[in-house]
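Reading the structure
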Amino acid sequence: DVSGYGYTTLKTLSGFNSLTCFENLQNTSITYNGSNMVVTATGNDPQTNWKTVGSIATDAVKAIKIVFKNNSGAASTGQLFYKDGTGTFNETDSFYWPVGATTSTQTVWIDTVNHIAYNQTTGEFSTVKGSGWTGNITGMRFDWTTASSGSVEVSEISFIGNGSASGTGGYQNTQTLVHSAG
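Because the structure is a prediction, the values reported are computed rather than measured.

Glancing now at unusual backbone geometry. Within the chain, Asp 45 stands out as a residue other than glycine whose phi angle is a positive 55°. Relative to the helices and strands, Asp 45 is located in the loop between strand 4 (36-41) and strand 5 (47-50). Of note, the phi angle at His 115 is positive, near 60°, even though the residue is not glycine. Under the relative-accessibility criterion, His 115 is labelled partly exposed at 27%.

Glancing now at the pattern of salt bridges. Within this structure, the stated rule accounts for two salt bridges. Across the salt bridge formed by Glu 156 and Lys 65, the nearest N and O atoms sit 3.6 Å from each other. Residue Glu 156 is located in strand 15 (residues 151-161), and its partner Lys 65 is located in strand 7 (residues 61-70); the two are separated by 91 residues in the primary sequence. The partner of Asp 143 in a salt bridge is Arg 141, and the shortest N-O contact between them spans 2.8 Å.

When pLDDT is averaged across the chain, the result is 80; 82% of the residues are at 70 or more. Considering only residues more than four positions removed or in separate chains, one finds that residues 167-182, a stretch of pLDDT under 50, has 52 contacts.

Attention now moves to the environment of Gly 135. Position of Gly 135 relative to the elements: it lies in the loop between strand 12 (124-127) and strand 13 (136-137). For Gly 135, a relative accessible area of 45% gives the class partly exposed. Between the C-alpha atoms of Gly 135 and Lys 83, which are 52 residues apart in sequence, the distance is 9.7 Å. The contacts of Gly 135, once residues within four sequence positions are left out, are Ile 56, Ala 57 and Thr 58.

Right, let's talk about the packing of aromatic side chains for a bit. When we look at a pair of aromatic rings, we describe it by the centre distance and by the angle of the planes. Under the defined criterion, the tally for this structure stands at eight aromatic pairs. Taking 6.4 Å as the distance between ring centres and 20° as the angle between the ring planes, the aromatic pair formed by Phe 22 and Trp 50 counts as stacked. Taken together, the positions of Phe 22 in strand 2 (residues 22-26) and Trp 50 in strand 5 put the pair 28 residues apart, joining distant regions of the chain. Comparing Phe 22 with Trp 50, the two get one shared label, buried. The interplanar angle of 10° and the centroid separation of 4.8 Å between the aromatic rings of Phe 142 and Trp 144 together place this pair among those described as stacked. Like Phe 142, the residue Trp 144 is buried in the burial classification. Among the aromatic residues, those joined into a cluster by ring pairs are Phe 16, Phe 22, Trp 50, Trp 97, Phe 142, Trp 144 and Phe 159. Here the guanidinium or amino end of Lys 83 rests over the ring plane of Phe 89, the centre of that ring lying 4.7 Å away. The ring of Phe 81 has Arg 141 sitting right over it, with the charged end atom 3.8 Å from the ring centre.

Rules behind the numbers
Residues numbered from 1 in each chain as written. Predicted model: local features only at pLDDT ≥ 70, side-chain atom pairs only at ≥ 80, totals over all residues. Heavy atoms only, no water. Helix = DSSP H or I, 4+ residues; strand = E, 2+ residues; numbered from the N terminus. Buried < 20%, exposed > 50% of the residue type's maximum accessible area, 1.4 Å probe, protein only. Salt bridge = Lys/Arg side-chain N within 4 Å of Asp/Glu carboxyl O. pLDDT = per-residue confidence, 0-100. Contact = heavy atoms within 4.5 Å. Phe/Tyr/Trp six-rings, centres within 6.5 Å; stacked < 30°, edge-to-face > 60°. Lys NZ or Arg CZ within 6 Å of the ring centre and 35° of its normal.

What follows is the structure, encoded as structure tokens:
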């Protein structure tokens, strides 16, 4: 619960089976198990793109919560890349998170302020890069694992902070997360 810190959930992505916001960029296949998105690695450096990010004001988003299952059960690392309107995906503008060696549901918190990620399920920490988390983010790429095989089943991605959100269509269309003054 983040309410004790003065933060709220700005937007949550779930019900992935009805969304059209993720696409394969490289060496992945995307299928669905009920409402969850199953991303299967089909080769080295598997990548998916969230193609309808819209605009995310980084000063509004203090944390990103990711809930998933590691169907392979092998320890790995996930990575979230982000870019502004003119940028490209690069290593400096990314957050790492630990993918635990368990097939149980895992909850990972990426702290965008202090640049650290915590796997609440396994107790593992990961240092994240995130130096470019400024301005407006207009693109996001998720590398769900560093493995060249296996799969993760994603049930939720939430943006936590002190802003507000606008947009329509449950992430079918462009969304905007903005910072609230105060």
